[in-house]
Amino acid sequence: MDLIYEKCNHRQAFSIPKGQVSSVSFPKELQRHKPAELPEVSELDVVRHFTHLSRRNMGIDTNFYPLGSCTMKYNPKIADVVSSFPGFTQLPPQLLYSEVYHDCIQGALELVYHLEQLLSEISGMHAVSLQPMAGAHGELTGVLMISAYHRKKGNTQKKIILIPDSAHGTNPASAAIAGFHVQEIPSNSQGTLDINRFREAMSDEVAGIMLTCPNTHGLFEKDIQEIADLAHRHDALLYYDGANLNAIIGQCRPGDLGFDVMHFNLHKTFATPHGMGGPGSGPVGVNECLRDFLPGPKVVKKADGTFSLECPENSIGKSAPFLGHFLVAVRAYVYILMQGNEGLKEVSRKAVLNANYVLSRLRSSFPPAYDRLCMHECVLTAMPYHDYEVRALDFAKALLDRGFHAPTVYFPLTVKEALMIEPTETETKETLDQFCDTLLELAEMAKQNPEELRKAPITTPVQRLDEVRAAKELNVVRPVNTSTA
Ligand SMILES: *Cc1c(COP(=O)(O)O)cnc(C)c1O
């Protein structure tokens, strides 16, 4: 739809409130000589335009979304309702920084304080800061704290961060941005960290180790105790990438496993819908040894029970403006209180059960990368269809035509033709069965009629894209030239 009309047609879909100021005189050179070419459309045109756009969007409210490593689950709408209360949305962030107004925002400060306590309890960490705006931002904040810790202790030789080859790409990126040298540790044949290679790599030059647990193969790092002991013997700190926290929530705690610092992805584990760039939130949690290095200011509770802000003694400074994404924090707060202890335990139980159900239904056609029970996601491979020239990407595209969002493909990098499926705890058995039935049908089609699969998707607004170009030259109006269609 072309929203710009050549000349005024007096259609409008807005009303501007009566101004408080009667008139303002602009200098002549700033005045307009021709009317501005603004869109002139009726209310119905506007409603149709945006409704149409929203229907082109595949989201968790419309389709099953098994995008592995992302935890795209249904997020209870009550969290959105509460976070849109005017008392929260109309809170000017500047108030937070003005001591004078602290009386007026005690409720908001208390919410932040209490949520940080709840996250501490859930994770076994001693203190939490809500500041970082996303998981990757939490990682950077965490490794900057590791760096500050070693600097303070005069550990000048500590320049290396060890990271397994199965890690999310943000881990090495965060460590490198914080000035560390990254050393990769390979996985073993079981899909977990190769403990022998880890032992060899461990030295007094190692500042820290970043681990995801369960890792991105969907497997629990069973040697975690030994890894933690060995790291601590060399005064290296253990970082927990919390993206997969919903696999273990309520069952075990990163703090008890020996981790010193971690991030949470509130938009993965705690009820903020995500995708398409945010908003997210990646609070950091730390053990006693890093408490003083947390980003500041932090909410503190004073002796008289009121709340104010203070900066930790050796704080690395601010990692984000104000106290982070406050409304995302509100959603997480609502979600945690709503679930309670038992509810949170149920989350991990069901997430793991659902992933194993999908694994067992699909394993005959899509072999698991590591043949064992998984945690909250399963990593399968489309290698059996290599000879028919059908790839993981073709299955992903064909699923779109059949009303499912695609699983993650080609990640983790350690698995050839990977299909990484995370069903989450919020899906019914019926939905999981429809998804598995569809993938099994597609597996048959790959052998009988591979041409058909390679044409997919045919029902979406745009067909096969040149994905590399599309990511670099974003054009939401016209599809980028297609490579196959
Ligand atoms: C999503 C994810 C991250 C990064 O988190 P963002 O919130 O997207 O920045 C890091 N590690 C893993 C394993 C992830 O799945």
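Residues numbered from 1 in each chain as written. Predicted model: local features only at pLDDT ≥ 70, side-chain atom pairs only at ≥ 80, totals over all residues. Heavy atoms only, no water.

## Digging into the side chain of N63
Of note, N63 is situated in the loop between α1 (43–55) and α2 (77–83). A residue is classified by how much of its surface remains accessible, and N63, at 18% relative accessible area, is buried. At a separation of 2.7 Å, a polar atom in the side chain of N63 contacts the side chain of T62. Excluding residues that lie within four positions of it along the chain, N63 makes contacts with M58, G403, F404 and H405. (Helix = DSSP H or I, 4+ residues; strand = E, 2+ residues; numbered from the N terminus. Buried < 20%, exposed > 50% of the residue type's maximum accessible area, 1.4 Å probe, protein only. Polar contact = N/O pair within 3.5 Å; in protein donor to acceptor, adjacent residues only side chain to side chain. Contact = heavy atoms within 4.5 Å.)

## Some thoughts on the site of the ligand
Neighbouring the ligand are S69, A134, G135, A136, E139, H168, T170, D241, A243, N265, H267 and K268. G135 is positioned such that a nitrogen or oxygen atom in its backbone is 2.8 Å from an oxygen atom of the ligand. Breaking the shell around the ligand down by element, the ones donating at least two residues are α5 (135–153) and α10 (266–269). Among the elements that make up the shell around the ligand, the one with the highest residue count is α5 (three residues). For the shell around the ligand, the class distribution of residues is three nonpolar, six polar and three charged. (Near = heavy atom within 4 Å. Nonpolar A, V, L, I, M, F, W, Y, C, P; charged D, E, K, R; others polar.)

## Observations concerning helix α8 (residues 224–233)
Along α8, the positions that sit buried rather than exposed are I224, I227, A228, L230 and A231. Here the buried face of α8 lies against α7 (195–201), β4 (206–212), β5 (237–242) and α9 (254–257). Phi for D235, located one or two positions after α8, is positive at around 55 degrees.

## Observations regarding the nonpolar core
One finds L119, L162, F198, I209 and F270 to be the most contacted residues of the largest nonpolar core, which totals 64 residues. A total of 11 residues in this core trace back to one element, the largest contributor, which is helix α11 (residues 326–362). Sequence-distant contacts of F198, defined by excluding residues within four places in its chain, comprise L162, I185, L193, I209, I227 and L230. (Core = buried A, V, L, I, M, F, W, Y, C linked by side-chain atoms within 4.5 Å.)

## Some details on the sheet that holds strand β10 (residues 378–381)
If you trace the three strands from one edge of the open sheet to the other, you get β10-β12-β11, paired in antiparallel fashion. Every interior strand has two partners, whereas the edge strands, β10 and β11 (408–409), have only one. With four bridges joining them, β10 and strand β12 (residues 418–421) adopt antiparallel strand pairing. What sits directly across from C378, in β12, is I421. Packing of α11 onto the sheet brings it into contact with β10 and β12, and relative to β10 it is tilted by some 20 degrees. (Pairing = 2+ DSSP bridges. Axes fitted to C-alpha atoms, helices over the stretch in contact; angles between N-to-C directions.)

## Some words on the domain arrangement of the protein
Interface size is commonly expressed as the accessible area that is lost once the parts come together. Domain boundaries assigned for the protein yield domain 1 (77–338) and domain 2 (345–472). With centres defined by C-alpha atoms, the gap from domain 1 to domain 2 works out at 30 Å. Each partner contributes to the interface: domain 1 provides 24 residues, whereas domain 2 provides 21 residues. Regarding the contact of domain 1 and domain 2, the summed buried area is about 1,700 Å², with carbon and sulfur atoms giving 57% of it. In terms of surface lost to domain 2, no three residues of domain 1 exceed T216, H217 and N246, which account for 30% of the buried area on that side. Across the domain 1-domain 2 interface, the total number found is zero salt bridges. On the surface where domain 1 and domain 2 come into contact, there are seven residue pairs in polar contact (both at pLDDT 80 or more). In terms of residue class, the side of domain 1 that touches domain 2 is built from eight nonpolar, 15 polar and one charged. (Domains from an automatic or database assignment. Buried area = accessible area lost by both parts, 1.4 Å probe. Salt bridge = Lys/Arg side-chain N within 4 Å of Asp/Glu carboxyl O.)

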